[in-house]
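# A structural walkthrough
Listed below are the residues making up each chain.
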Amino acid sequence: TALAAGLDIDKFAGRLSFFWGIGMNFYMEIAKLRAARLLWARIVSEFNPKNPRSKMLRTHSQTSGWSLTEQDPYNNVVRTTIEAMAAVFGGTQSLHTNALDEAIALPTEFSARIARNTQLIIQEETGITKVVDPWGGSYMMESLTNDIAEKAWELIQEVEEKGGMAKAIETGMPKLRIEESAARKQARIDRGEDVIVGVNKYRLDTEDDMDILDIDNEKVRKSQVAALERIRASRDEKAVEDALEAIYQCAVSGEGNLLDLAVKATRVRATVGEISFAMEREFGRFNAQAQTVSGVYGSAYQNDDNWNEISADIEAFSEKHGRRPRMLVCKMGQDGHDRGAKVIATAFADVGFDIDLSPMFSTPEEVAKQAIENDVHVVGVSSQAAGHKTLVPALIEELKKQGAGDIIVVAGGVIPKQDYDFLTKAGVKGIFGPGTQIPKAARDVLDAINANYKG
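Residues numbered from 1 in each chain as written. Predicted model: local features only at pLDDT ≥ 70, side-chain atom pairs only at ≥ 80, totals over all residues. Heavy atoms only, no water.

### A short note on the overall build of the protein chain
A tally of regular secondary structure across the protein chain gives 18 helices and eight strands. The principal-axis extent of the C-alpha atoms belonging to the protein chain is close to 75 × 65 × 45 Å. Buried positions account for 40% of the 455 residues belonging to the protein chain. The contacts in the protein chain between residues at least 6 apart in sequence include a share of 73% that link residues at least 24 apart. Only carbon and sulfur atoms are counted for the fraction: they give 52% of the accessible area of the protein chain, which is about 25300 Å². In the protein chain, 54 side chains carry a positive charge and 67 a negative one; their mean positions are 3 Å apart. (Helix = DSSP H or I, 4+ residues; strand = E, 2+ residues; numbered from the N terminus. Buried < 20%, exposed > 50% of the residue type's maximum accessible area, 1.4 Å probe, protein only. Contact = heavy atoms within 4.5 Å. Areas by Shrake-Rupley, 256 points an atom, 1.4 Å probe, with all protein chains shown as cover. Lys, Arg positive; Asp, Glu negative; His and termini not counted. Charge placed at Lys NZ, Arg CZ, Asp CG, Glu CD.)

### So, the layout of surface pockets
In this structure, the second largest pocket occupies an estimated 1600 Å³ of space. Lining the second largest pocket are 48 residues, and of these Gly 333, Gln 334, Met 360, Phe 361 and Ser 362 lie nearest its centre. Elements with a contribution of two residues or more to the lining of the second largest pocket: α8 (217-234), β4 (326-330), α14 (339-351), α15 (364-373), β6 (378-383) and α16 (388-401). Here the lining of the second largest pocket gets seven residues from one element, more than from any other, and that element is α8. (1 Å grid on protein atoms, 1.4 Å probe; cavity = no way out; pocket = protein on both sides within 12 Å on 5 of 7 lines; lining within 4 Å. Points joined across faces, edges and corners; volume = space filled by probe spheres on them.)

### Remarks on a nonpolar patch on the surface
A contiguous nonpolar patch, built from Met 165, Ile 169 and Phe 286 and spanning about 320 Å² of accessible area, is present on the exposed surface. In this fold, Met 165 is placed in helix α6 (residues 165-171). For Met 165, a relative accessible area of 44% translates into the label partly exposed. (Patch = residues over 30% accessible without salt bridge, like charges linked within 9 Å, V, L, I, M, F, W, Y side chains within 5 Å. Salt bridge = Lys/Arg side-chain N within 4 Å of Asp/Glu carboxyl O.)

### Let's talk about the environment of Asp 304
The residue Asp 304 is located in the loop between α12 (296-299) and α13 (305-321) in this model. Residue Asp 304 is classed as partly exposed on the basis of its relative accessible area of 22%. Spatially, the C-alpha atom of Asp 304 lies 9.7 Å from that of Arg 191, the residues being 113 residues apart in sequence. Within the structure, the side chain of Asp 304 is placed 3.1 Å from the backbone nitrogen of Asn 306, a separation counted as a polar contact. (Polar contact = N/O pair within 3.5 Å; in protein donor to acceptor, adjacent residues only side chain to side chain.)

### Digging into the sheet that holds strand β2 (residues 59-63)
Taken together, the three strands give an open sheet; going across it, the order is β1-β2-β3, and neighbouring strands pair in parallel fashion. Where the open sheet ends on each side, the last strands, each with one partner, are β1 (18-22) and β3 (94-96). Neighbour-to-neighbour, the strand axes of this sheet turn through a mean angle of 25°, independent of strand direction. Direction of pairing for β2 relative to β3: parallel, over a ladder of three bridges. Opposite Ser 61, over in β3, you have Leu 95 as the bridge partner. The sheet contacts of helix α3 (residues 75-90) involve β1, β2 and β3, and relative to β2 the element is tilted by about 165°. (Pairing = 2+ DSSP bridges. Axes fitted to C-alpha atoms, helices over the stretch in contact; angles between N-to-C directions.)

### Regarding helix α2 (residues 26-45)
In a regular helix each residue adds 1.5 Å, so 20 residues correspond to 28 Å; α2 covers 29 Å between its end C-alpha atoms and thus fits that length. The set of residues buried in α2 consists of Glu 29, Ile 30, Ala 31, Leu 33, Arg 34, Ala 35, Ala 36, Leu 39, Trp 40 and Val 44. Structurally, α2 contributes buried residues whose contacts are with α1 (9-12), β1, β2, α3 and α5 (139-161). (Expected span 1.5 Å × (residues − 1).)

As structure tokens, this is what we get:
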């Protein structure tokens, strides 16, 4: 696309960069980054660059968020260190290390300092950074790198056959593949086949509470609104209107450079929302397809008595009430983390629930409307971004306001135990923190639905 716009390959290839997540499979993660560098060089070589730097992969890496545990959370310091070392061994140019408490809440200054110092110690004390590719020549590492590169190339070719990544995204193929892998991994963890220390093996009898960062969401919202009001009061409204109109006209005509016009609009203090809406007027808004994989999680439990008992109880519910228990799995607010929500959706569907999914970034009002329209028994709220104390009570109130107070609400995700009592008093009927086994969650939700019917 850049070449078609008249750019020279050596003018921009060296400025393209990637963002990698780094997990706990140490050798695999190193090989993944090595394979990526190999593939990037192969791809860019097709465009005949003159500058060898055009073929050098540039990447930022972030240690895994989902590998962090709420249980025995100081273990997360070790996990993050191992993942950070894998990224450095693999040749990352830049790195983000997660804090030990991010499976519980947003990080405190204390935990953020440990995360930062993890990088500094690797950089300053270990000597690891003094060698470019210390694993080069290892038969194991070279073989693993080659295997990953070959399998990745097959996926790249499959995407190309669909017309490229944008077309593939429209079909939902990449997300479904990711969700299939996540569901398989979660099933292995829940069954104890993949060990997570402190969660499904070597678990403590009692867990001590941690000091957490408590966010006053309403205070943050008010400060953000006040900042927007100050900007709008001090800017040149005519200049903003002209800049936004220029974006709209470019979108309509296809003539001009939308990025350049967006930069100019920003300089006269147009907001991201206003710039986006100027284009939305012509292009509309992309609506992601809400798809889930089926059978992947459940296949790991085919011979599990507890799982089959839950499934039988769901069949009994269906015979008694004329339909299956129905749950809307939702994400509310500015929370873009949907791995947990999608794994819950596919696993609950496999055991027998009817499942609906809300669009990402929904409001409590939108979720309540969808829950009522779909006639669900329960709304399952997945929260990762510390909005649960504001958004979940707002959803419960909205359901009551719309005459649907009989729809029960449960919540899961990154929710500190210290907040459980607050949510329970607000009307939440079940809270499932990180490390909850999905069969247990399914049983508890089914029991809550049955109890609600009896009531």
